[in-house]
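Observations on the three-dimensional arrangement
Residue-level listing of the chains:
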Amino acid sequence: MSRAFTPPDTLSKDDINAIADVRREIWSNGFKGMAGGAVVGYALHGTVKSIQARIMKNTGTTTKTKIAPLFEHLKLNANTAFLSVMLGASLGAFILSSTAGKNSVHKMHHVFEVGKVDTSTPYQKSINDAKLEEEHRERKERVLSRRKTLHDNLIHGQGLTDSHGGNWTYQGSDKN
């Protein structure tokens with residue numbers, strides 16, 4: 001089950017409602033942007049297709065435009081229409097949902113303040129301290145292991161890089 005259905009105990013009903021409202025605004029605006037972007041993408045595809053037909057019809061005359069070579073190799077068909085619709089829909093959904101999220105963030109400031117206060121129990125604090133100590137010990141072991149490997153590489157002449165310490169094997173000869 002999603003964590004959205006089981007919020008932490010530190011959040012009040014107003015905080016939970018504020019989060020749900022912001023989430024609802026983001027999703028609804030995302031779907032509106034998707035629909036609008038799909039329509040705009042299809043309209044742009046149709047516009048480019050009609051411009052292409054007009055320019056290609058006029059290229060046989062003496063007045064050639066500078067953009068005519070751009071449209072000579074452009075093939076607009078059902079696949080490019082589908083691409084235009086999908087690109088428009090995804091771009092519209094992204095723009096409107098991110099705009100809605102940025103416009104709604106002011107409703108979440110009091111929710112962010114709730115997370116600043118440490119409400120963990122002494123047992124939870126001791127568990128977190130033990131995890132930090134374990135991570136610190138593992139980090140020290142990794143540092144010591146890297147230092148030992150580096151020291152061994154320098155002692156045995158391999159150097160710091162993967163250049164074989166200047167010793168290359170040659171094919172077809174006895175040199176090392």
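Attention in this report is confined to the structure presented alongside it. The structure displayed is predicted, hence computed values, not measured ones.

Attention now moves to the environment of Gly36. Looking at the element boundaries, Gly36 is found in helix α1 (residues 13-58). C-alpha of Gly36 to C-alpha of Val85: the two residues are 49 residues apart in sequence and 9.9 Å apart in space.

With that out of the way, let us pick up the pattern of salt bridges. If you walk through the whole model with that rule in mind, you get six salt bridges. Measuring nitrogen to oxygen at the nearest pair gives 3.4 Å for the salt bridge that ties Glu113 to Lys116. Given a relative accessible area of 45%, Glu113 falls into the partly exposed group. The structure contains a network of salt bridges with shared partners spanning Glu134, Arg137 and Glu141.

So, on to a positive patch on the surface. Taken together, the side chains of Arg139, Arg142, Arg146 and Arg147 present a region of like positive charge at the surface. When you line up the elements, Arg146 lands in helix α5 (residues 122-155).

What counts and how
- Residues numbered from 1 in each chain as written.
- Predicted model: local features only at pLDDT ≥ 70, side-chain atom pairs only at ≥ 80, totals over all residues.
- Heavy atoms only, no water.
- Helix = DSSP H or I, 4+ residues; strand = E, 2+ residues; numbered from the N terminus.
- Salt bridge = Lys/Arg side-chain N within 4 Å of Asp/Glu carboxyl O.
- Buried < 20%, exposed > 50% of the residue type's maximum accessible area, 1.4 Å probe, protein only.
- Patch = residues over 30% accessible without salt bridge, like charges linked within 9 Å, V, L, I, M, F, W, Y side chains within 5 Å.
- Areas by Shrake-Rupley, 256 points an atom, 1.4 Å probe, with all protein chains shown as cover.
- Lys, Arg positive; Asp, Glu negative; His and termini not counted.
- Charge placed at Lys NZ, Arg CZ, Asp CG, Glu CD.

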